[in-house]
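Given next are the chains, with one letter for each unit.
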Amino acid sequence: MADLRAFENTLIYGCDYNPEQWPESVWQEDMALMKRAGVNLVSIAIFGWARLEPEEGVYEFAWLDRIMDMLHQHGIKANLATATASSPAWFALKYPESLPVDKNGVRLGVGSRQQYSPASPIYREKASQLVRQLALRYKNHPALAMWHINNEYGCHIFESFSEETVCAFRNWLHHKYATLDALNEAWGTAFWSQTYYEWAEIQAPAAMPTFYNPSQYLDWRRFSSDMLQECMQMEVDLLREITPEVPVTTNYIGINKHLDQWKMSEIEDVVSIDIYPDPASPSAAIECAAQGDVARSLKQNQPWILMEQAPNQVQWRTLNHTKRPGQMRLWSYQLLARGARGIMYFQWRQSKAGAEKYHSGMVPHDGTDSRTWREIETLGNELKRLPDFCHDPVKAEVAIVLDWNSWWGLEQGSHPHADLNLMELVAQFYAPLHQQNITVQFVRPSDDLSPYRLVCIPNLYLVKEEDARNIETYVQNGGRVVMSYFSGIVNEHDHVYLGGYPAPFRKMLGLKVEEWLALSKEEKRPLENGWSAEQWIDVIRLEGAQAVTTHAADYYAGLPAITTHAFGAGRADYLGVKLPVEQMGLYLKTVLDELQIQPALQVPAGIEVVSRETTVFVLNHHPQTMTIDLPEHKKDLLSGKDVAGQVELPAYGVLILQ
Ligand code: GLA
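Cut-offs used in this document
Residues numbered from 1 in each chain as written. Predicted model: local features only at pLDDT ≥ 70, side-chain atom pairs only at ≥ 80, totals over all residues. Heavy atoms only, no water. Near = heavy atom within 4 Å. Polar contact = N/O pair within 3.5 Å; in protein donor to acceptor, adjacent residues only side chain to side chain. Areas by Shrake-Rupley, 256 points an atom, 1.4 Å probe, with all protein chains shown as cover. Nonpolar A, V, L, I, M, F, W, Y, C, P; charged D, E, K, R; others polar. Pairing = 2+ DSSP bridges. Helix = DSSP H or I, 4+ residues; strand = E, 2+ residues; numbered from the N terminus. Buried < 20%, exposed > 50% of the residue type's maximum accessible area, 1.4 Å probe, protein only. Right-handed = clockwise from strand over helix to strand, strands pointing away. Phe/Tyr/Trp six-rings, centres within 6.5 Å; stacked < 30°, edge-to-face > 60°. Patch = residues over 30% accessible without salt bridge, like charges linked within 9 Å, V, L, I, M, F, W, Y side chains within 5 Å. Salt bridge = Lys/Arg side-chain N within 4 Å of Asp/Glu carboxyl O. Axes fitted to C-alpha atoms, helices over the stretch in contact; angles between N-to-C directions. Expected span 1.5 Å × (residues − 1). Parallel < 35°, antiparallel > 145°, perpendicular 65-115°, else oblique. Contact = heavy atoms within 4.5 Å.

**Q** Describe in detail the site of the ligand, supporting the description with residues and values.
**A** Around the ligand sit Phe47, Arg113, Asn151, Glu152, Asp274, Tyr276, Glu308, Trp316, Phe346, Glu356 and His359, and that is every residue in its neighbourhood. Note that an oxygen atom of the ligand is positioned 2.6 Å from one of the side-chain N or O atoms of Glu152. The contact in question runs from an oxygen atom of the ligand to an N or O atom on the side chain of His359, over 2.7 Å. Look at the ligand: alone it shows 310 Å² of surface, and the protein chains cover 97% of it. Taken together, the residues of the shell around the ligand sort by class into four nonpolar, two polar and five charged.

Okay, structure coming up:
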């Protein structure tokens, strides 16, 4: 597999670079400033299609040649985009069938970006011609270090209801089920008179009188994710044919519900991700960390790249908060700690026109006499002096199961509770673990779970029989699982497993869920140990498990709320309620203590600790100086000094201890 050889012993520092927005007179200054800031990789031509192909089949590469040459002369590498993320206006006018159509049948217009249906044959054809041209032209260019495929697949358009897409859906289904009988069975179409007798009768789940068929919707999500993946695969195949040595990546927009990132990551060489925490959000640091952990997990611990973060504020929220002095640096180190091998920004020079002119750039409107630039320049130069950590593995003893099929299944209408949101439920586990400085690896339910001492399973609503067995075997062989409610309910077609909930896990959990109660946002129900239940209550009958605590009121008083079950050589815990997050923290703490899983350092709350094999990152998320106690002498790689005992960490300060 192609790798990032050009950056063997160097951390990557770079940005999206859109020189086409500026006169060429500015480019020389760009090069000089990039050198000053330590920029060594830039993503270029991401939105370059209209400039590269001003009319159909007529390619203009001269401007890109000049910028590629200039980059090379200045020792800066190119993460060259395939420019397929925004098709030109002429293309949409000539091939209107390629435009995306929304749920209500409205064909979307041009003048924005991502204006194509991923399944559109003509979009794919024209995109592949452009990619071929680019690959042939730059295959031997010394600046070319990596291919940046498209941009944030599914960021705006993750599904389209165009006629062509519906046809593609039918083909996809035909390929999957072979016969209509099999499809009717899988979709449970005996319900509500939905039986199909011809493939042509099948529609996409667009606007409908009421609930759509949930099995159909699941397949629609899979199909829509696959259409984006096919676009990517098409580009990857072309690039591998022409430039087999050059690694390929695509930048994810955080953790994107609409794209099965496990599957997608299998076809790229390097994972890259865009992370935009809201500086005003109290959970910004947790979200940042979680996205970094997902990025690292997607290719099983291979180094990944933070492809975009904002140098300062963004422009796309309703209120766009400024990053406080030091916060951008802190969050950059937070992601380096979690395995990133580079920090990149959107974007180099703040645009003067267009929808992103109020989005910060590394070079702001007022140039280098600005706080943003000073922080950018300082960080870039600091990173240059650091060793490359990428071969120092991040240590994680705890895993959280994340599965896109189950996510799609869980968040549907016509369920006992409409507010089950997977990311919130994942945060129930992730946030307290993060607060206790326990690093998490994300895993699929089918993965080998044996490397982990504890596997957390938030609301795995949909599970394949063989994946349930995989989890059971892990416990049987000595693993520890903590699973939360409404898990193991349906199979891959969204058909309920009969024989008592959660049928595939009953043996492992030693219980049966007889019924469940959905609670409103305000409702809290008391538990025997003084804790409380929110959102959801399972009425549980024990079949070998023990109650950790029971309900204290109502007709299910005395029945278990949380259980634990010794199974084989391991143990499986079950949360039949949602706990307030602080109580979830207390509960997880008891499990961690039992398993003797501990953070690398004991520090005050709000200080993050991430340990790698040979280094420990300490990050102060407080806007004030904090003191930590270091039991042993360590070298801080940032200051070069030996530290021990009572050590002061300035506001948003960082230590990298070795
Ligand atoms: C995304 C896109 C960029 C830009 C930024 C703005 O990450 O990939 O092109 O729009 O958002 O935050």
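Past the structure itself, the notes keep going.
**Q** How would you sum up the sheet that holds strand S7 (residues 272-274)? Please name residues and give values.
**A** Backbone-to-backbone hydrogen bonds join strands into a sheet, with any given pair of strands oriented parallel or antiparallel. The strand order S5-S4-S3-S2-S1-S9-S8-S7-S6 describes an open sheet built from nine strands, whose pairing is parallel. If you trace the sheet from one side to the other, it starts and ends with strand S5 (248-249) and strand S6 (251-253), each paired once. Note: strand S3 (residues 77-81) against strand S4 (residues 144-148), four bridges, orientation parallel. Along S4, the bridge assignment pairs Ala81 with His148.

**Q** Break down the pairing of strand S9 (residues 340-345) for me, citing the residues and quoting the values.
**A** The buried count for S9 comes to six of six residues, which makes it a mostly enclosed element. Looking at chain direction, strand S1 (residues 12-17) and S9 are connected through four bridges and run parallel. Bridge assignment links Tyr13 to a residue of S9, and that residue is Ile343. What joins strand S8 (residues 304-308) to S9 is helix H11 (residues 327-337), and the crossover it makes is right-handed.

**Q** Report on the packing of aromatic side chains, specifying residues and quantitative values.
**A** Under the counting rule described, the total for this entry stands at 29 aromatic pairs. Judged by centre distance (5.4 Å) and plane angle (35°), the rings of Trp220 and Phe223 are tilted. Here Trp220 and its partner Phe223 are both found in helix H8 (residues 214-242), three residues apart, which amounts to about one turn of the helix. Residue class for Trp220 comes out buried when judged on its relative accessible area of 1%. Pairing Tyr501 with Trp516 gives two aromatic rings, centres 4.3 Å apart and planes at 20°, and the pair type is stacked. Separated by 15 residues along the polypeptide, Tyr501 in the loop between strand S13 (480-484) and helix H16 (506-509) and Trp516 in strand S14 (residues 511-518) bring together distant segments of the chain.

**Q** Go over a nonpolar patch on the surface with me, naming the residues and quoting the values.
**A** Nonpolar side chains collect at one region of the surface, where Phe191, Trp192 and Phe211 lie side by side and expose about 370 Å² of accessible area between them. Along the chain, the position of Phe191 falls in the loop between helix H7 (180-187) and H8. On the basis of relative accessible area, Phe191 is assigned to the partly exposed category, the value being 49%.

**Q** How would you sum up the sheet that holds strand S12 (residues 454-457)? Please name residues and give values.
**A** Overall, mixed pairing links the seven strands, which are arranged S11-S10-S12-S13-S19-S18-S17 in an open sheet. If you trace the sheet from one side to the other, it starts and ends with strand S11 (440-443) and strand S17 (546-550), each paired once. Taken over all neighbouring pairs, the strand axes of this sheet differ in orientation by 20° on average, direction set aside. Pairing of strand S10 (residues 398-401) with S12, which is carried by three bridges, proceeds in the parallel orientation. Bridged to Ile400 within S12 is Cys456.

**Q** Run through helix H17 (residues 581-595), naming residues and quoting values.
**A** Between its first and last C-alpha, H17 extends 21 Å over 15 residues, near the 21 Å set by a 1.5 Å rise per residue. Of the residues flanking the end of H17, it is Gln596, one or two places downstream, whose phi is positive at about 55°.

**Q** With reference to specific residues and values, describe H8.
**A** Since the α-helix advances by 3.6 residues per turn, residues separated by three or four positions end up pointing in the same direction. A rise of 1.5 Å per residue sets the reference length of H8, with its 29 residues, at 42 Å; its end C-alpha atoms lie 42 Å apart and thus fit the reference within 8%. Across the 29 residues of H8, 23 count as buried, placing the element largely inside the fold. Where H8 begins, the capping side chain belongs to Asn213, and its oxygen is found 2.8 Å from the backbone nitrogen of Ser215.

**Q** Summarise the packing of helix H6 (residues 163-177) against H7; cite the residues concerned and give the values.
**A** The interhelical angle for the contact between H6 and H7, taken along N-to-C directions, is 95°, at an axis separation of 9 Å. As the angle between them shows, H6 and H7 are arranged roughly perpendicular. Only Ala182, Leu183, Ala186 and Trp187 of H7 make contact with H6, whose side of the interface consists of Phe169, Leu173 and Tyr177. Across the contact of H6 with H7, the residue classes break down as seven nonpolar, no polar and no charged.

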